[in-house]
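Residues per chain, in single letters:
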Amino acid sequence: MNCTKTTRQKRRPRPGVRGADAPPAAGPIHNFFDNGDGTIADLDTGLTWQQAEMGEATTWLGALAYAAGLELADNADWRLPNIKELRSLNDETLQAPSLDTAFFTNAAASRYWSSTTLNGATSLAWCVDFQYGATANADKTNNLLVRCVRGGTTNISGSFTGQ
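What counts and what doesn't
Sequence order as written defines residue numbering, which begins from 1 separately in each chain. For this predicted model, a pLDDT threshold of at least 70 governs which residues receive local features, and a threshold of 80 or more governs which side-chain atom pairs are given and counted, while totals over whole chains, interfaces and linings are taken from all residues. Excluding hydrogens and water, the side-chain values take into account all heavy atoms of the structure. Two strands pair if DSSP finds at least two bridges between them. Helix numbering and strand numbering both begin at the N terminus, where a helix is a DSSP run of H or I of at least 4 residues and a strand a DSSP run of E of at least 2. Where helices are involved, their axes are fitted lines through C-alpha atoms of the stretch in contact, as for all axes, and angles between N-to-C directions lie from 0 to 180°. Should any heavy atoms of two residues lie within 4.5 Å, those residues are considered in contact. Nonpolar cores are built from buried Ala, Val, Leu, Ile, Met, Phe, Trp, Tyr and Cys residues. Side-chain atoms within 4.5 Å join them into one set. Think of it in three bands: with a 1.4 Å probe and only protein chains considered, a residue is buried below 20% of the maximum accessible area for its type, exposed above 50%, and partly exposed in between. When a carboxyl oxygen of Asp or Glu lies within 4 Å of a side-chain nitrogen of Lys or Arg, that pair is called a salt bridge.

Asker: Tell me what's going on with the sheet that holds strand S3 (residues 48-50), and back it up with residues and numbers.
Answerer: Read from one edge of the open sheet, 4 strands run S1-S2-S3-S7, paired in antiparallel fashion. Each of the sheet's edge strands pairs with one partner strand only, and the pair in question is strand S1 (32-34) and strand S7 (149-150). Judged from the 2 bridges that link them, S3 and S7 form a sheet pairing that is antiparallel. Along S7, the bridge assignment pairs Trp49 with Val149.

Asker: Tell me about the sheet that holds strand S4 (residues 111-118), and name the residues and values.
Answerer: Ordered by their spatial adjacency, 3 strands build an open sheet running S4-S5-S6, and the pairing between neighbours is antiparallel. This sheet does not close on itself; its edge strands, each paired only once, are S4 and strand S6 (134-139). Averaged over all neighbouring strand pairs, the angle between strand axes comes to 35°, with direction disregarded. Two elements, S4 and strand S5 (residues 121-129), share 5 bridges in a ladder whose sense is antiparallel. Bridge pairing links Leu118 to Ala121 in S5. Across the face of the sheet, helix H1 (residues 60-69) comes into contact with S4 and S5 while running at roughly 100° to S4.

Asker: Could you give me a rundown of the nonpolar core, with the residues and numbers involved?
Answerer: Ranked by size, the top nonpolar core spans 17 residues in total, and within it Trp49, Leu86, Leu89, Phe104, Tyr112 and Phe130 carry the most contacts. Where this core is concerned, the elements lending two or more residues are helix H2 (83-87), S4 and S5. In this structure, Ala63, Ala67, Cys127 and Ala138 belong to the second largest nonpolar core, which totals 15 residues.

Asker: Describe the pattern of salt bridges, and please don't skip the residues or the numbers.
Answerer: What the rule picks out here adds up to 3 salt bridges. Among the salt bridges present, the one from Arg147 reaches Glu53, with a minimum N-O distance of 2.5 Å. Taken as a pair, Arg147 in the loop between S6 and S7 and Glu53 in the loop between S3 and H1 lie far apart in primary sequence, 94 residues in all. Side by side, Arg147 and Glu53 carry an identical accessibility label, which is buried. Between Arg150 and Asp77 there is a salt bridge, with its nearest N and O atoms 2.6 Å apart. One end of the pair, Arg150, is in strand S7; the other, Asp77, is in the loop between H1 and H2, and 73 residues separate them in sequence.

Structure representation (C-alpha cells):
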C-alpha cells in the first residue's frame, strides 16, 4: 500500500473578493494646474474649469443661463460642459466626491449638469453624479449643481451612450 501525505494549502483571498484587502489607491489620475484665478487647467484635455461650482443647484435652463453670463478670470466664453467633458473630471480612485479636492476644494458629492440632451428624450439631460462618478440623466426641471468650462471644442463628434 502506497500512502502519500497530502498537505492542504491555505486559500489566499483574491483582489476584489469580499474580505480581501483592497489594492492601494494610486492617487489622483489627472494633470491639473491651479491658475490662481478661480480656474483649473486640465493639461491633458486643454480645458479650463471653473474651480468653484455655482453656489446653488438650478434647473438645466438655469445652468445654461448661468454659464452664458459667467465672467471669470477675465473671460466671458464660459459654457456648460458636454457629457464627455464633464466625465473627464471624474477620478475613479476617489469617491464622495470623485473629483480631486486638492484642486476643486469645495466639490460636492452630488449631481452636476452637462449640456448634452438625451437622444430622443428632449426633456432629459445627461449628468454626472460625483458621489461615485456615475453617469446618469435627469429631468431638466430638476435642480443640479453647475461647473462651467471653457476651451476645447464645443462640437465633439460621436454620440454618448452612457456606458
